[in-house]
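# Results of the structural survey
If you want the building blocks of each chain, they are given just below.
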Amino acid sequence: MWAAGKKRMSVISKEHSMGELLFETLLLVCLWSCCYATVLQFNGNVTIYGMFPLHNVDATVSTLPQLADCNRGAANIHGYYLLQALRYAVEEINNDSQLLPGITLGYQTYDICSLQASILGTVTLAAQQYNRVKVKPQAIALIGPDSSSYSFIPAAALGAFLMPEISYEASDELLSNKQMYPSFFRTIPSDKNQVKAMLEILVRYNWTWIALLGSDNSYGLQGMLSLSQQASDFNICIAYQAVIPRLKNDTQQQIRNIVKNIIKTKVNTIVVFSSKRIAKGFFLFVIEQNVTGKVWIGSEDWSVATLVYNIPGISTIGTVLGVSVKYTPFNGFEDFVNQAITKLRNISVENTEMNVPCLQNTELYKMASAQYSLAEYDITSSFNVYRAVYAVAYALHQALRCDSEKCQNTEIQPWQLFQYLKQVRISIRNTTLFFDAHGNPPAGYDIITWIWLNKTWSLRMVGSFISEPPTLQMHASQIQWMPESRCSPECSYGYRQLQLGQHKCCFECIECPASTFLNKTDSTSCQPCNKDQWSPSGSEDCLQRTVLYLRWDEPLTIVLLLLLALTLLLTLGTALIFLLNLSTPVVKSAGGRTCLLMLLSLTVAAFSSLCLFNMPSRASCLFRKSLFIFSFTICLNCMTVRAFQVVCIFKWSAKLPKFYYTWVNNQGPNIFILITSLVEFFISVLCVSLNTPLPSADYDFYFESIVLECSKTISVVLPQILYVSILTVICFCLSYMGKDLPANYSEAKSITFSLMIYIISWITFFTTYIVNRGTLAMALEVVAILVSVIGILGGYFLPKVYIILLRPKMNTTAHFQNCIQMYTMNKQ
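Residues numbered from 1 in each chain as written. Predicted model: local features only at pLDDT ≥ 70, side-chain atom pairs only at ≥ 80, totals over all residues. Heavy atoms only, no water.

## Observations concerning the overall build of the protein chain
Per the secondary structure count, the protein chain includes 26 helices and 27 strands. Expressed as a percentage of the 828 residues in the protein chain, the buried residues total 51%. Taking the contacts inside the protein chain whose residues are at least 6 apart along the sequence as the reference set, 71% of them involve residues at least 24 apart. Of the roughly 38,300 Å² of accessible surface on the protein chain, 58% is carried by carbon and sulfur atoms. (Helix = DSSP H or I, 4+ residues; strand = E, 2+ residues; numbered from the N terminus. Buried < 20%, exposed > 50% of the residue type's maximum accessible area, 1.4 Å probe, protein only. Contact = heavy atoms within 4.5 Å. Areas by Shrake-Rupley, 256 points an atom, 1.4 Å probe, with all protein chains shown as cover.)

## Looking at helix H3 (residues 77–94)
With 18 residues, H3 extends 26 Å between its outermost C-alpha atoms, agreeing within 8% with the 26 Å of an ideal straight helix rising 1.5 Å per residue. Burial within H3 is extensive, with 14 of its 18 residues counted as buried. For H3, the N-terminal cap is Asn76; the gap from its side-chain oxygen to the backbone nitrogen of His78 is 3.1 Å. (Expected span 1.5 Å × (residues − 1). Polar contact = N/O pair within 3.5 Å; in protein donor to acceptor, adjacent residues only side chain to side chain.)

## Some words on the pattern of salt bridges
Under the counting rule described, the total for this entry stands at 10 salt bridges. When the shortest N-O distance is used, the salt bridge between Glu288 and Arg256 registers 2.8 Å. Residue Glu288 is located in helix H9 (residues 276–288), and its partner Arg256 is located in helix H8 (residues 252–265); the two are separated by 32 residues in the primary sequence. In this structure Glu288 comes out as partly exposed when scored by relative accessible area, which is 45%. Of the charged contacts, one joins Asp698 and Arg773 as a salt bridge, the two residues approaching to 3.6 Å between their closest N and O atoms. Separated by 75 residues along the polypeptide, Asp698 in strand E26 (residues 695–698) and Arg773 in the loop between helix H24 (747–771) and helix H25 (775–806) bring together distant segments of the chain. Across the pair, Arg773 and Asp698 agree in class, each one buried. (Salt bridge = Lys/Arg side-chain N within 4 Å of Asp/Glu carboxyl O.)

## Quick look at the sheet that holds E26
Taken in spatial order, the 3 strands line up as E25-E27-E26 in an open sheet, and their pairing is mixed. Two strands close off the open sheet at either side, each with one partner strand: strand E25 (546–548) and E26. Put simply, the sheet's adjacent strands are angled 30 degrees from each other on average, direction ignored. (Pairing = 2+ DSSP bridges. Axes fitted to C-alpha atoms, helices over the stretch in contact; angles between N-to-C directions.)

## Quick look at the state of the cysteines
By the definition in use, this model includes 7 disulfides. Each sulfur of the disulfide joining Cys237 and Cys505 lies 2.0 Å from the other. The chirality of the disulfide connecting Cys237 with Cys505 is right-handed, given an S-S dihedral of about 90 degrees. With Cys237 in strand E10 (residues 237–244) and Cys505 in the loop between strand E19 (495–499) and strand E20 (507–511), this residue pair connects regions lying 268 residues apart in the sequence. According to the relative accessible area criterion, Cys505 is buried, its value standing at 5%. With a sulfur-sulfur separation of 1.9 Å, Cys402 is cross-linked through a disulfide to Cys407. Because the sign of the S-S torsion sets the handedness, a value of about 100 degrees for the bond joining Cys402 and Cys407 places this disulfide among the right-handed ones. (Disulfide = S-S within 2.5 Å.)

## With respect to the nonpolar core
If you look at the biggest cluster of nonpolar residues, it comprises 59 residues, and the most contacted ones within it are Phe578, Met639, Ile792, Tyr796 and Phe797. Put simply, the parts of the chain that give this core at least two residues each are helix H16 (555–580), helix H17 (585–590), helix H18 (593–607), helix H20 (626–652), helix H23 (713–737), H24 and H25. Ranked by residue count, the leading element in this core is H25, at 14 residues. With sequence-adjacent residues up to four places away left out, Phe797 is seen in contact with Thr574, Phe578, Cys595, Met598, Leu599, Leu602 and Ile792. Listed in part, the 58 residues of the second largest apolar core include Leu100, Ile166, Leu400 and Cys402. (Core = buried A, V, L, I, M, F, W, Y, C linked by side-chain atoms within 4.5 Å.)

## Some points on the UniProt feature "transmembrane region" (unreviewed entry) in the protein chain
The feature "transmembrane region" (unreviewed entry), as given by UniProt, occupies residues 558–582, 594–615, 627–650, 671–694, 714–738, 750–771 and 777–798 in the numbering adopted here. As a span, residues 594–615 carries 64% helix and 0% strand, and end to end its C-alpha atoms are 36 Å apart. Annotated as 100% helix and 0% strand, the span residues 750–771 places its first and last C-alpha atoms 33 Å apart. (UniProt positions renumbered as here; feature names shortened; annotations may be inferred.)

## Looking at the packing of H16 against H25
Interhelical geometry of H16 versus H25 gives an angle of 25 degrees and a closest axis separation of 9 Å. The orientation of H16 with respect to H25, classified from their angle, is roughly parallel. H16 and H25 meet at a crossing whose hand is left-handed. Looking at side-chain class alone, the contact of H16 with H25 contains 19 nonpolar, 4 polar and 1 charged residues. (Parallel < 35°, antiparallel > 145°, perpendicular 65-115°, else oblique. Left-handed = near helix turned anticlockwise from the far one by under 90°. Nonpolar A, V, L, I, M, F, W, Y, C, P; charged D, E, K, R; others polar.)

## Side note on the sheet that holds strand E17 (residues 456–466)
The sheet built from 8 strands is open, its strands ordered E10-E9-E11-E12-E13-E16-E17-E18 with mixed pairing. The open sheet is flanked by E10 and strand E18 (471–474), the only strands paired with a single partner. Strand-to-strand twist of the sheet, defined as the mean angle between neighbouring strand axes without regard to direction, takes the value 25 degrees. Along the sheet, H8 makes contact with strand E9 (209–215), E10 and strand E11 (269–273), crossing E10 at roughly 170 degrees.

## A short note on helix H7 (residues 218–231)
Compared with the 20 Å implied by 1.5 Å per residue over 14 residues, the 20 Å span of H7 between its first and last C-alpha is a close match. Listed as buried for H7 are Tyr219, Gly220, Gly223, Met224, Ser226, Leu227 and Ala231. One side of H7 carries all its buried residues, which in axial view fall inside an arc of 165 degrees. On its buried face, H7 sits against helix H5 (148–159), helix H6 (191–204), E9, E10 and E11. (Arc of directions from axis to C-beta.)

## A word on a nonpolar patch on the surface
Residues Ile671, Leu674, Ile675, Leu678, Val679, Phe681, Phe682 and Val685 make up a contiguous nonpolar surface patch of roughly 690 Å² in combined accessible area. With respect to the helices and strands, Ile671 occurs in helix H22 (residues 668–690). (Patch = residues over 30% accessible without salt bridge, like charges linked within 9 Å, V, L, I, M, F, W, Y side chains within 5 Å.)

## A word on the side chain of Ser609
Within the secondary structure, Ser609 is located in the loop between H18 and helix H19 (618–623). Taking the relative accessible area as the measure of exposure, Ser609 reaches 0% and is therefore buried. Looking at Ser609, its side chain comes within polar contact range of the main-chain oxygen of Ala606, at 2.6 Å. Not counting residues up to four positions away in its chain, the partners in contact with Ser609 are Leu564, Val782, Ile785 and Leu786.

The structure is reproduced here in structure tokens:
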């Protein structure tokens with residue numbers, strides 16, 4: 001035949017174009033190769049071509065387009081069933097009087113036992129599309145090939161003619177590129193969805209520390225690349241990543257090193273995205289290195305392949321979870337296969353147009369006679385072949401404008417069929433088939449695991465995956481062994497992860513600080529509590545902060561209110577007694593009407609403590625500090641005047657005889673009290689106007705409590721405190737100077753005592769306030785106000801009340817004159 005081909009080429013006319021020369025060359029190559037590749041043919045009005053792996057032949061590296069004899073390779077039982085599925089579909093269609101009435105669907109199949117065989121089969125189909133020469137039968141569509149690596153060449157070559165190619169097992173995502181492979185379709189989901197399913201499995205069982213392996217072909221490399229790019233989005237770390245080469249003499253050590261590295265990284269979960277042929281060579285060394293107790297996540301090409309699970313000793317490697325194309329019962333197919341021997345005897349394989357004798361040479365009869373068992377994997381892939389053929393038939397139905405009786409057209413070009421195939425939407429055996437814009441079918445997977453019972457292998461479906469929306473359903477109880485696969489143990493609630501090294505899956509657990517929480521694991525940051533919440537360190541949730549203020553119904557508040565009531569009773573009662581005895585010597589010596597002003601100011605000061613109870617309001621904030629300071633300043637002014645008068649009478653009268661009379665006759669005491677009080681009033685108004693205090697909450701002093709207070713307290717109170725402090729110092733100095741005066745004129749001693757109580761109470765409060773802002777400090781402020789009032793009341797007024805009520809003999813003019821004479825004599 002090769003000699004005939006050379007003779008044919010020698011008589012090519014010089015007038016032929018370069019395109020004609022190329023076509024003739026391709027045609028002769030095809031005729032030379034078909035003896036080895038063509039398997040089975042059935043003539044019809046319309047022909048579809050099928051590529052099926054009926055044998056496995058090891059590929060050899062050569063610079064020549066050599067093709068090994070397929071019949072010398074090992075029989076591929078899986079490919080045999082794929083071819084039978086094509087025959088089964090064609091017979092059903094031809095027996096259907098309504099689908100393609102008057103049209104007989106034919107087929108011609110190729111044995112793609114190697115990559116070279118698939119290339120030569122592709123060249124044959126491409127040659128038929130050349131419009132100068134008509135070769136019969138002409139194909140309108142291709143069913144196959146079985147793998148992604150074999151599909152790229154026909155997808156690219158036939159795409160130039162828009163000849164439809166429908167693969168039943170090629171899942172590489174690159175084949176979805178319509179610019180490079182415009183007429184490629186498939187009945188198996190693309191690897192894009194398979195990667196999603198694998199990632200969902202890893203996330204479901206918290207396998208975050210994995211090894212990722214891919215076979216050294218487009219299928220494995222693209223799958224591995226896609227998974228590695230998306231792994232970080234799912235918080236999955238790839239501890240080790242490698243490409244598995246084809247098993248050859250010079251790659252054995254490389255594969256062995258991959259297995260050793262997996263052992264060294266101490267991962268328990270390994271994702272193997274590989275074709276079944278390369279996976280077989282890899283697992284030989286997994287068994288050799290005695291790798292056990294691992295979880296192997298397998299891609300659909302090898303996880304259900306007999307080529308892999310028939311390896312001796314593979315049951316020891318651990319748990320195998322595989323992503324498998326969704327299984328659909330294929331009723332009637334097994335019966336059809338069982339009748340294959342009888343059918344093959346009656347099938348004509350003659351090729352009158354090409355007249356190639358080698359087409360009669362096939363081993364299908366021997367393969368059918370072997371009566372191989374039909375596995376679930378074979379049924380799934382065979383059903384995808386079946387669906388592909390039906391997709392072509394329904395597209396033909398539309399393209400040929402068929403009705404229930406006949407078809408209007410009898411001829412169809414591949415590019416015309418391509419347009420209708422894109423619109424196909426059919427229901428086949430309770431499944432729906434259509435192709436999206438990328439030529440992909442609806443995606444769905446079964447999740448399977450390997451089961452070994454008494455060294456007998458079987459598959460068990462343990463889950464399912466739907467791509468849109470991504471939904472994974474798993475039945476963990478049906479999986480035999482599921483170890484953990486993490487670089488670091490999971491952190492407890494309330495602990496965050498601190499990454500160690502380059503992998504975010506390797507970390508140590510750090511306790512979350514106070515006022516933060518973490519109620520989930522695998523987080524690198526603690527969440528802050530809300531402003532009104534708090535938490536101790538290492539907390540998994542937040543607690544509500546306690547709001548601190550003096551509530552009306554608290555026991556402490558009730559005690560303080562009783563103390564306030566007692567203070568008011570004393571001040572008002574003392575004022576009444578002084579008012580009734582205003583003309584007596586005791587009241588006059590104490591200051592007369594000035595005492596009433598002092599008692600009134602003390603009453604207002606005591607009332608101001610009510611502003612410290614309950615939640616702060618705008619009104620209470622305005623009067624809380626300023627009202628007490630102003631009212632108490634009036635009392636302090638009166639005491640200062642009284643201390644000055646007593647000291648002036650007994651100490652300075654001899655030295656400054658006219659000063660005291662001038663002071664008294666010109667209303668000096670009243671003017672002093674009025675001016676100093678007005679100064680304090682204007683200071684208060686100015687401070688409040690410039691920095692108006694408003695209700696506020698202090699979240700910073702306590703992390704577990706909120707202190708309700710008034711804002712800008714310091715800026716409002718500080719100027720007033722400075723002014724009062726000056727008056728206090730002056731008053732204290734004057735009163736201290738009069739500590740040795742007559743007993744009936746002992747106001748100086750009383751004022752000194754009262755001021756000491758006043759000063760001590762407020763020092764106690766401010767000391768406490770520095771370290772405590774809770775209800776204790778609030779109560780102490782109330783106590784400081786009331787003690788200041790009671791101190792002056794008890795030190796200055798109550799001794800005089802005692803004389804008025806219980807010692808009336810001491811409340812006479814004669815008694816007072818006698819005391820003055822005794823003081824004068826003692827001084828002399």
